[in-house]
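# Structure at a glance
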Amino acid sequence: MKYTDKKKYLLPGVIASTAIFVSLAYSHCQIPCGIYDDQARFDEIAEHITTIEKSMKQIVELSAEPSKNANQLVRWIMNKEDHADEISHIVTYYFMAQRIKLPAEDDAKTYNEYVKKLTLLHGMIVYSMNAKQTTDLANVEKLRSLLEEFHTIYFGKTATKEHEHG
């Protein structure tokens, strides 16, 4: 095989390897590594919510002249979809799979807290899905309120100023 043929296959291989590595690194492990940054996940979700909100506003604005703005419309729609999916990913794979522990069967208080946390997380998944389906900003506000309530229950205190949107 000639050197130029090898180069032709090298770049796609490097790109694929990088994509796989980044995907694995981002998803965090599901082994008991003990490396968790819960507050960072709350911050990420808040940032995704703000990005969804901006995307919705841009979609509405650009929809005034859809033929002129078709490319940008598609980009903002895809952006909104991606960030809504990221919320679902963090909620499902970080909080539900790794951080929310099953309660003892005989502990009613812990069980009720567990159910409340799962209910809030499920609501976040539903409203992130709703945000994908529409440009209704009520879905963004509901996501923010669910995030704030989950933060309060999860940490046992209210969120700090950095979690409020500007």
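Quick notes on the rules
Residues numbered from 1 in each chain as written. Predicted model: local features only at pLDDT ≥ 70, side-chain atom pairs only at ≥ 80, totals over all residues. Heavy atoms only, no water. Helix = DSSP H or I, 4+ residues; strand = E, 2+ residues; numbered from the N terminus. Contact = heavy atoms within 4.5 Å. Areas by Shrake-Rupley, 256 points an atom, 1.4 Å probe, with all protein chains shown as cover. Core = buried A, V, L, I, M, F, W, Y, C linked by side-chain atoms within 4.5 Å. Buried < 20%, exposed > 50% of the residue type's maximum accessible area, 1.4 Å probe, protein only. Expected span 1.5 Å × (residues − 1). Polar contact = N/O pair within 3.5 Å; in protein donor to acceptor, adjacent residues only side chain to side chain. Salt bridge = Lys/Arg side-chain N within 4 Å of Asp/Glu carboxyl O. pLDDT = per-residue confidence, 0-100. Axes fitted to C-alpha atoms, helices over the stretch in contact; angles between N-to-C directions. Parallel < 35°, antiparallel > 145°, perpendicular 65-115°, else oblique. Left-handed = near helix turned anticlockwise from the far one by under 90°. Nonpolar A, V, L, I, M, F, W, Y, C, P; charged D, E, K, R; others polar. Phe/Tyr/Trp six-rings, centres within 6.5 Å; stacked < 30°, edge-to-face > 60°. Lys NZ or Arg CZ within 6 Å of the ring centre and 35° of its normal.

A few words on the overall build of the protein chain. Counting secondary structure elements, the protein chain contains five helices and zero strands. Sequence-distant contacts, at least 24 apart, represent 70% of the contacts inside the protein chain between residues at least 6 apart. Split by element, the accessible area of the protein chain, about 10800 Å² in all, is 58% carbon and sulfur.

Right, let's talk about the nonpolar core for a bit. With 24 residues, the main nonpolar core has I45, F95, M124 and F150 as its most contacted residues. Listed by contribution, the elements that provide at least two residues to this core are α2 (38–62), α3 (70–99), α4 (108–133) and α5 (137–155). With residues up to four places along the chain from it excluded, the contact list for F95 reads D38, R41, F42, I45, I90, I100, L121, F150 and Y154.

Because each turn of an α-helix spans 3.6 residues, side chains separated by three or four positions in sequence point in the same direction. Between its terminal C-alpha atoms α4 stretches 37 Å, which fits the 38 Å expected from 26 residues at 1.5 Å a residue. The complete set of buried residues in α4 reads Y114, K117, L120, L121, G123, M124, S128, N130 and A131. Along its buried surface, α4 packs onto α2, α3 and α5. Looking at where α4 begins, the residue whose side-chain oxygen comes 3.4 Å from the main-chain nitrogen of K109 is D107.

Moving on: the pattern of salt bridges. A complete count under the given rule lists nine salt bridges for this structure. E53 serves as the salt-bridge partner of K57, at 3.8 Å between the closest nitrogen and oxygen. A residue pair is termed a helical-turn pair when its members lie 3 or 4 positions apart in one helix, as K57 and E53 do in helix α2 at four residues. Judged by relative accessible area, K57 falls into the partly exposed class, the value being 45%. Across the salt bridge formed by R144 and E141, the nearest N and O atoms sit 3.1 Å from each other.

Scored by pLDDT, the protein chain has a mean of 85; 75% of the residues are at 70 or more. Contacts from residues 21–27, a stretch scored under 50 in pLDDT, to residues over four places away or in other chains number five contacts. Under a pLDDT of 50 for its full length, residues 160–166 has, in the predicted model, nine contacts with residues more than four places off or in other chains.

Relative to each other, α2 and α3 sit at 160°, their axes nearing to 9 Å. One way to sum up the angle between α2 and α3 is to call them roughly antiparallel. The two elements α2 and α3 cross, and the hand of that crossing is left-handed. Residues that form the contact of α2 with α3 fall into these classes: 16 nonpolar, seven polar and seven charged.

Moving on: the environment of V140. Mapped onto the fold, V140 is located in helix α5. As for V140 and I52, which are separated by 88 residues in sequence, their C-alpha atoms are 7.4 Å apart. With residues up to four places along the chain from it excluded, the contact list for V140 reads I49, I52, E53 and M56.

Looking now at the packing of aromatic side chains. Within the structure shown, the criterion is met by eleven aromatic pairs. Ring centres of Y94 and F95 lie 5.0 Å apart, and the angle between their planes is 90°; this geometry places the pair in the edge-to-face category. Residue Y94 shares its accessibility class with F95, and that shared class is buried. Residues F95 and F150 carry aromatic rings whose centres are separated by 5.2 Å and whose planes lie at 90° to one another, so their mutual orientation is edge-to-face. You can see F95 sitting in helix α3 and its partner F150 sitting in helix α5, a full 55 residues away along the chain. Cluster of aromatic residues (ring-pair linked, three or more members): Y36, F42, Y94, F95, F150, Y154 and F155. R41 extends its terminal NZ or CZ atom over the ring of Y94, reaching a point 4.5 Å from the ring centre. The ring of Y36 has R99 lying over it, and the distance from NZ or CZ to the ring centre is 4.0 Å.

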